[in-house]
Amino acid sequence: MPSVTHEALVELFKNRPTLAAEMLHDALGHPVPTFTEARVESSDFTEIVPSDRRADVVVVLLVGEQQQRAMAIVVEVQLGVDPDKPYVWPVYVTQMRARHRCPTGLLVVTIDAAMARWSSRPIVTGHPGWTLTPLVLGPQGVPVVTDAEQAKAAPEVAVLSAMAHGQSEAAEAIGVAFFSGAVGELDEERRAVYGDLVLSSLNAAARRKLEAMMKSGYQFQSEFARGYVAKGRQEGRKEGILEAKAQAVLAFLEARGLEVPAEVRERVLASTDLDQLDRWIRRSAVITDARELLATTGS
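Now for a description of the structure that goes with this document. Keep in mind the model is a prediction, meaning the values are calculated, not measured.

**Some remarks on the environment of Arg 99**
Mapping Arg 99 onto the fold places it in helix α3 (residues 85–100). By relative accessible area, which is 33% here, Arg 99 ends up partly exposed. Spatially, the C-alpha atom of Arg 99 lies 9.8 Å from that of Ala 72, the residues being 27 residues apart in sequence. Within the local environment of Arg 99, its side chain forms a polar contact with the backbone oxygen of Ser 42, the two atoms lying 3.4 Å apart.

**Things to note about unusual backbone geometry**
Negative phi values dominate among residues other than glycine, just as trans dominates among peptide bonds. For Gln 67, which is not glycine, the phi torsion reads 50° and is therefore positive. Position of Gln 67 relative to the elements: it lies in the loop between β2 (57–63) and β3 (68–77). The class for Gln 67 is partly exposed, based on a relative accessible area of 32%.

**Observations concerning the pattern of salt bridges**
Taken as a whole and judged by the stated rule, the model has eleven salt bridges. Glu 22 is paired through a salt bridge with Arg 16; the nearest N and O atoms lie 3.1 Å apart. Arg 39 is the partner of Glu 37 in a salt bridge, and the nearest nitrogen-oxygen pair spans 3.6 Å. Since its relative accessible area comes to 29%, Glu 37 is described here as partly exposed. Among the residues examined, Arg 39 registers a relative accessible area of 29% and is labelled partly exposed. One network of salt bridges, with partners in common, ties together Arg 16, Glu 22, Glu 156, Asp 187 and Arg 190.

**Notes on the pairing of strand β4 (residues 104–109)**
Here β4 lies mainly inside the structure; six of its six residues are buried. Residues Thr 104, Leu 106 and Val 108 point to one face of β4 and Gly 105, Leu 107 and Val 109 to the other, with burial holding for every one of them. Relative to β4, β3 is paired through six bridges, and the arrangement is parallel. Bridge pairing in β4 links Ile 73 to Gly 105. Handedness of the β3-α3-β4 crossover: right-handed. Pairing of β4 with strand β7 (residues 135–137) involves three bridges; the strand directions are parallel. Pairing of Val 108 across the sheet is with Val 136, part of β7.

**Section: the side chain of Ser 180**
Within the secondary structure layout, Ser 180 lies in helix α7 (residues 171–182). You can call Ser 180 buried: its relative accessible area is 7%. From its side chain, Ser 180 meets the backbone oxygen of Val 176 in a polar contact 2.5 Å long.

**Considerations on the nonpolar core**
Counting residues in each nonpolar core, the largest one holds 50 residues, and the members touching the most others are Ile 73, Leu 107 and Phe 178. Counting residues in each nonpolar core, the second largest holds 16 residues, with Ala 55, Val 74, Trp 89 and Tyr 92 among its members.

**Considering helix α8 (residues 188–201)**
Because each turn of an α-helix spans 3.6 residues, side chains separated by three or four positions end up pointing in the same direction. Under the 1.5 Å per step criterion, the end-to-end length of α8 is 20 Å for 14 residues, consistent within 8% with the ideal 20 Å. What α8 keeps buried is the set Tyr 194, Gly 195, Leu 197, Val 198, Leu 199 and Ser 201.

Rules of the game
Residues numbered from 1 in each chain as written. Predicted model: local features only at pLDDT ≥ 70, side-chain atom pairs only at ≥ 80, totals over all residues. Heavy atoms only, no water. Helix = DSSP H or I, 4+ residues; strand = E, 2+ residues; numbered from the N terminus. Buried < 20%, exposed > 50% of the residue type's maximum accessible area, 1.4 Å probe, protein only. Polar contact = N/O pair within 3.5 Å; in protein donor to acceptor, adjacent residues only side chain to side chain. Salt bridge = Lys/Arg side-chain N within 4 Å of Asp/Glu carboxyl O. Pairing = 2+ DSSP bridges. Right-handed = clockwise from strand over helix to strand, strands pointing away. Core = buried A, V, L, I, M, F, W, Y, C linked by side-chain atoms within 4.5 Å. Expected span 1.5 Å × (residues − 1).

Written out as structure tokens, the structure reads:
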């Protein structure tokens, strides 16, 4: 089953149809024909390969009022070794070429350097003169987006940058660029999804610095970023209440001279259920053995 990371990367290329052409041309230096529109097309190959084998994204570049097909790009996100891919990738390319009647390329996207090397290996088909060498966008090829205007113009590229470089020294600058520039251009759903992707991709130090900047008066331009801060404060208040109630439970038990076993103490301190803690506070005043507390979870 595809991972969350796999599906996230796929969505970036679906949400920004020009992204495949941009990465081919700008990141990999591969020639891309002039086009006026990029369109995501069906990636179904069931007439040749099993239904569970289909390309992640197929983008067709169109040109002119007649929307003539200038190029098709098969985008494959690869996060792990798959011995079937050297056999199905040539099928994807030839099938899309036949379907759209235009030059077709294979773009493999990965955020792992080792997988970039694996994916780059030439595929010898066995036919003279036909060796398919995938065009691979690995972490080294993904641009480091640290400029808010650049992030605003291409939010998906900014997210891709965070996923590829979020553990590097540039993580903080990438996060600032995204939150101060990109999210204001997104609809509510993509703000939430992209924001989560960026935040989860950044290293711990970068996340801490971003929070510190927010608390010290740094003003992000987007409502989403301000909402994230408010959510963090709200969660912080809840954590404070949880801790206070948990300590109250233990204090009541100890004040009554009851021994509190380690498992009871750990369970109480780990609780994130305010209602349950309230019940435990009430029960702690009447039980005669602290272990009875855990037997009354539902009461």
